[in-house]
Every structure is written in C-alpha cells, then in structure tokens.
Amino acid sequence: MVADVGEPVVVVSNRGPVSYSYDDDGTPVSKRGAGGLVSSLGPLVRDTGALWIAAAMTDADREIAERGVVEAEGFRLRSLAIDEDAYRMAYDVISNGTLWFLHHGLFDLPRRPRIDRRWREAWEAYRSVNQRFAQAVIDEAPEGATVLVQDYHLWLVGTWLAQKRRDLHAVHFSHTPFCEPGGLRVLPEDVVEELLVGMASHQACGFHASRWAENFAACCVRRLGWRPTTFVSPLAPDHEDICAVGASDESSSEMAWVDQALDGRQLILRVDRIELSKNLLRGFLAFDDLLRTRPEWRGNVVFIALVYPSREGLPEYLAYRQEVESLARHINGMWATPNWTPIVLDTSDNFPRSVAALKRYDVLLVNPVRDGLNLVAKEGPMLNENDGVLVLSREAGVWEELGSAALGVNPFDVSGTADALAAALAMTPADRKARAETLRDLAAARTPRQWLDDQLAAADET
C-alpha cells in the first residue's frame, strides 16, 4: 500500500473517488466515484491516509467542499467548489474541446480550432482552474509529500507547485496520447509555451506508451530548448476484480442476452464509449466491406457494439452519436434477413453485459484513431474463454505491449480492417489458441500497483 512509501501522498485529479448526492431528508450521502482512474487508483490508496483533491461535481459535493478535508468511503477527500462557468469553459472548451482534439488528431482543420475571444476567455478559465487545484495542494500537502497529478485537465498545476512548494515531489501522469511537435502549430505560441512549461514543471511526466513520452520530450526540446524528465508506465486492469465481475451472477445472466443475439453465430465485438477517437464509424464500414466482399459471412457473424454516450455537452459528440446510430441502421437495412441482424447496437452502458460479451467474442475490434492506452484491449484477453482474436489499431498506446500477438490495422484503412476481420474469423483453432494464450500473458503481465509504484518511484528519483 501507499503507506509503506515513507512520505505522505496527495492525489490530484479532475474527478474524485467519492461523490455526494442528497437523500430524501436533504442530507449529503457519499458513494464511490465512477471512472477509469478512480477504479484503477482508488483501491490502491483507499485506507492509506492519502489525500485526494478533486473538483466538486454536484450540489451536494459543493456543500461538502465547505467542510474542507473529509473522510468517506475510506478516502480523505478535499473537494474544490470551483465557479461553475469557469469550470465549464475549462472543461468543455479547453480540456475536451481543444486538448483532447489536439492530442488525438481529431481537429477538422478547415473549421477547428477557432482561437477567438471566447476561446481566450476559456483559456483564462483553464488557467484559473489549474491554479485553484495548485493552491489546494500548496495549502493541504504535508511537508515533503509526493503529489500525483493526473491527466490533461491539470497540465498547468506544476507551474505553481514549482514556485511555491519546492519541498514537494510532484509528478504528472497523462492518460492521453501526446502529439508530435508539428501538431502544436494550431495553438498560439504563448499557450504552447505555458502548457509545456506547466507539464515540465512537475519533476517527471509519465505516459502509457513510449511514443507519447517521446513526442512530449520532442515538443519540449523544440519549443523550450530543453528535455524534460519522462517515464513510461502502462496501466493494467485489476485482474482479480475484472475476473470477479466475469464470474458474477449479473454477468452470467447477461450471457443469455449475448447468446440470444448470436444464435450460434460468430461474434465480432467492440466495447467503447461513443467517442470520436474510438473510430466506431470506420469499424462499421469495415464490417460492411466484409459482408460485401466475403458473402460466406452473411448470416454467419454478428457485430455486437456495446457503446455508451460520451461528452454530449459538445455538439460534435451529439452529431457523432447520430452518425453511429444512422450507419448501423443503414448497414442492417442493407444486409439483414428475417432471422439475422448484422449489427446489434446497445448504448445502455451495461458493464456486466460488456464483461459477458468479452468472455464470448471470436474477434475483438479495437481500432481507435489514437488512444493513450486502451484498457479494453487488455480486459478482453484476460476474460475471453473462446480463444478470441484481437484486431488492434497500431495507433493505440497498448500496441506497444500487445502488438506481437494481435492483428494490426491502420485505423483509417477501412478495407484493410475488413481484411483483418476476415483473417481473424477464418483463423485456424491452433493459431487462435496460440495468439490468445500470448495475449492473455501480455495483458496480465502488469498490475495497477506497478503503475502506481512507477509514479512513486519517479517522484522519489527526482
């Protein structure tokens, strides 16, 4: 546990490990927070005395924020009641509308980004939110504490920590990719410098894949003239936790839904958010190409897409969901028969159902345009009981770990992805088994604890 490190630990993230809501009497009631970071890091720091600083998300969170540091669900939590307009601009316009698009290569450059007066106001809001987080660390962190700052929402925190709390050992971990130096050209020079200086002001910056660490370092060398300290530490699923879900009654009951959808056919599966970077549309188009060019698979394979809405506060995401649903209907209208639905699209965010399907798939399609890591690509091989084949984008950070046993695809190449799906479906049982065993070993090679330890070690070395 963190307590054996020898120094106090402070975790800093946009969302916290605990959220509050009001009960019928108007009393704030706590519950475990949601999200990948909380589920990965939370169990490792719960009941250790570590302090977690995060933004208040609900009205009940804001009430709790007035109490300062509180203890709930095994965590010591400091919630920050940030001005709602400032938070919204920082989160929607800068974090998700600019930085996410930048580092995932999502900008439609003839139209976006638009660096206008409103954008500049949002940048000021992003700076103020980061400064608010930094001030909370400055105020609350014990002498000599290790500070673990998480993700792109908080890339500037290190600026103020380096100025006012040089006793702290602050590291930053980015869960996104990082663009090549040329990609930064779309942002104003002063913003680029402030972002890079903010990140590099942490004592070390961590990434899930060496490619992203190298890109960040190259950006700093080109723009700042010096090389930051970086480290690479891929996150891993909690093997025991994910397998326990797979063995649960809820997941077992959802297997009946999967079997009914398949009716004895082979399964191509994807489990994703409805997120632009996840590349759902080209995945469906590749399946359409497969059915068009390989008629032997018509009626013999089902593509189950367990996907759930994301960031619908941004118009691009609302439009994307509509495109995803429309394309699935179009392909089903083209190929379906009275006894066969080619694409089963489920947007219900049913985790036990996703786990059941991961146990059953013949082919798992993970084809992001770009991804910091992609935990589904590891969870699938850990859970799968059918010697399933992984078709994996070379633009996913997890490619560095799993690429040797996956079928690699260029995420922009629809026909190439269709060819990979065909090869996976037609693979011999011996080849499937060999690949599945290797994937299982690679996916389980690391633990969440090792990821945390790497961050603590980076802080300790600097």
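Cut-offs used in this document
Residues numbered from 1 in each chain as written. Predicted model: local features only at pLDDT ≥ 70, side-chain atom pairs only at ≥ 80, totals over all residues. Heavy atoms only, no water. Helix = DSSP H or I, 4+ residues; strand = E, 2+ residues; numbered from the N terminus. Rg over C-alpha atoms; globule rule 2.2 N^0.38 Å. Buried < 20%, exposed > 50% of the residue type's maximum accessible area, 1.4 Å probe, protein only. Contact = heavy atoms within 4.5 Å. Areas by Shrake-Rupley, 256 points an atom, 1.4 Å probe, with all protein chains shown as cover. Lys, Arg positive; Asp, Glu negative; His and termini not counted. Charge placed at Lys NZ, Arg CZ, Asp CG, Glu CD. Bend = angle between axes of the 7 residues up to and from the residue. Polar contact = N/O pair within 3.5 Å; in protein donor to acceptor, adjacent residues only side chain to side chain. Pairing = 2+ DSSP bridges. Axes fitted to C-alpha atoms, helices over the stretch in contact; angles between N-to-C directions. Parallel < 35°, antiparallel > 145°, perpendicular 65-115°, else oblique. Nonpolar A, V, L, I, M, F, W, Y, C, P; charged D, E, K, R; others polar. Left-handed = near helix turned anticlockwise from the far one by under 90°. Phe/Tyr/Trp six-rings, centres within 6.5 Å; stacked < 30°, edge-to-face > 60°. Lys NZ or Arg CZ within 6 Å of the ring centre and 35° of its normal. Core = buried A, V, L, I, M, F, W, Y, C linked by side-chain atoms within 4.5 Å. Disulfide = S-S within 2.5 Å. Salt bridge = Lys/Arg side-chain N within 4 Å of Asp/Glu carboxyl O.

Structural notes on the overall build of the chain
Next up, step 1: The number of helices and strands found in the chain is 17 helices and 16 strands.
Next up, step 2: Expected size for 462 residues packed as a compact globule is a radius of gyration near 23 Å; at 23 Å, the chain falls within 12% of this value.
Next up, step 3: Counting only residues that meet the buried cut, the chain has 57% of its 462 residues in that class.
Next up, step 4: Of all intrachain contacts in the chain linking residues separated by at least 6 positions in sequence, the fraction that spans at least 24 positions is 78%.
Next up, step 5: Counting only carbon and sulfur atoms, one obtains 47% of the accessible surface of the chain, whose full area is about 18,800 Å².
Next up, step 6: The centroid of the 48 positive side-chain charges in the chain is displaced by 5 Å from the centroid of its 67 negative side-chain charges.

Details of helix α3 (residues 84-104)
Next up, step 1: Of all bends in α3, the biggest is about 35 degrees, found at S95.
Next up, step 2: Counting buried positions along α3 gives 15 out of 21 residues, so the element sits mostly inside the fold.
Next up, step 3: The N-capping residue of α3, defined by a side-chain oxygen 3.2 Å from the backbone nitrogen of D85, is D83.

Here's the deal with the sheet that holds strand β11 (residues 266-274)
Next up, step 1: Spatial ordering of the open sheet is given by β13-β12-β11-β14-β15-β16, a layout of six strands whose pairing is parallel. In this open sheet, the two strands that pair with only one neighbour each are β13 (343-346) and β16 (407-409). Adjacent strand axes in the sheet meet at a mean angle of 20 degrees when their direction is disregarded.
Next up, step 2: Strand direction decides the pairing type here: β11 and strand β14 (residues 363-366), joined by two bridges, are parallel. From the neighbouring strand, I268 faces β14, where its bridge partner is V363.
Next up, step 3: Helix α11 (residues 315-335) contacts β11, β12 (301-309) and β13 of the sheet and is inclined by roughly 150 degrees relative to β13.

Section: the packing of helix α10 (residues 280-293) against α11
Next up, step 1: Running from N to C, α10 and α11 point in directions that differ by 10 degrees, and their axes come no closer than 9 Å. Classified by the angle between their axes, α10 and α11 sit roughly parallel to one another. For the pair α10 and α11, contact is made by L280, L281, F284, L285, D288, L291 and R292 and by Y320, E323, V324, L327, A328, I331 and W335, respectively.
Next up, step 2: Residue classes in the contact of α10 with α11 are distributed as 11 nonpolar, no polar and three charged.

Some remarks on the environment of A357
Next up, step 1: In this fold, A357 is placed in helix α12 (residues 351-360).
Next up, step 2: Separated by 103 residues in sequence, A357 and E254 place their C-alpha atoms 8.3 Å apart.
Next up, step 3: Setting aside residues no more than four positions away along its own chain, A357 makes contact with V258, L267, L269 and L306.

A few points about the sheet that holds strand β1 (residues 9-12)
Each strand in a sheet pairs with its neighbour through backbone hydrogen bonds, running either in the same direction (parallel) or in the opposite one (antiparallel).
Next up, step 1: Overall, mixed pairing links the eight strands, which are arranged β5-β6-β4-β1-β7-β8-β9-β10 in an open sheet. Strands with a single pairing partner mark the edges of an open sheet, and in this sheet they are β5 (69-72) and β10 (230-232). Ignoring strand direction, the axes of neighbouring strands in this sheet form an average angle of 25 degrees.
Next up, step 2: As defined by bridge partners, β1 adjoins strand β7 (residues 146-150) across four bridges and the pair is classed as parallel. Note on β7: the bridge partner recorded for V11 is L148.

Some thoughts on the packing of α12 against helix α13 (residues 376-383)
Next up, step 1: Contact geometry of α12 with α13 gives a least axis separation of 7 Å together with a crossing angle of 65 degrees. The chirality of how α12 crosses α13 is right-handed. From α12, V355, L358 and K359 reach across to α13, where they touch V376, G380 and L383.
Next up, step 2: Partitioning the contact of α12 with α13 into residue classes produces four nonpolar, one polar and one charged.

Notes on the packing of aromatic side chains
Next up, step 1: Following the criterion strictly, the structure yields 16 aromatic pairs and no others.
Next up, step 2: With a centroid separation of 5.3 Å and an interplanar angle of 90 degrees, the aromatic rings of F287 and F303 are classed as edge-to-face. Residue F287 is found in helix α10, and its partner F303 is found in strand β12; the two are separated by 16 residues along the sequence. Like F303, F287 is buried.
Next up, step 3: Taken together, W100, Y152, W155, F178, F207 and F216 form an aromatic cluster joined through their ring pairs.
Next up, step 4: Positioned over the ring face of F101 is R112, at 5.2 Å from the centre of the ring.
Next up, step 5: Lying over the aromatic face of W100, R311 brings its terminal NZ or CZ to 4.0 Å of the ring centre.

What to know about the nonpolar core
Next up, step 1: F133 and L269 are the most contacted members of the largest nonpolar core, which has 162 residues in total.
Next up, step 2: The leading source of residues in this core is helix α4 (residues 117-140), at 11 residues.
Next up, step 3: Apart from residues no more than four positions distant in its own chain, L269 is found in contact with F303, I304, L306, A357, L358, Y361, V363, L364 and L365.

So, the state of the cysteines
Each disulfide is one covalent bond, formed between the sulfur atoms of two cysteines.
Next up, step 1: This structure, assessed with the given rule, holds zero disulfides.
Next up, step 2: C179 forms no disulfide, and the closest cysteine sulfur to it belongs to C219, at a distance of 4.9 Å.
Next up, step 3: Accessibility expressed as a relative area gives 2% for C179, which makes it buried.
Next up, step 4: A relative accessible area of 0% means that C219 is categorised as buried.

A word on the pattern of salt bridges
Next up, step 1: This structure, assessed with the given rule, holds 32 salt bridges.
Next up, step 2: Of the charged contacts in the structure, one is a salt bridge between R370 and E180, with a shortest N-O distance of 2.9 Å. Taken as a pair, R370 in the loop between β14 and α13 and E180 in the loop between β8 (169-173) and α6 (189-200) lie far apart in primary sequence, 190 residues in all.
Next up, step 3: You can call E180 partly exposed: its relative accessible area is 32%.
Next up, step 4: Between R360 and D362 there is a salt bridge whose closest N-O contact spans 3.4 Å.
Next up, step 5: Judged by relative accessible area, which is 7%, D362 ranks as buried.

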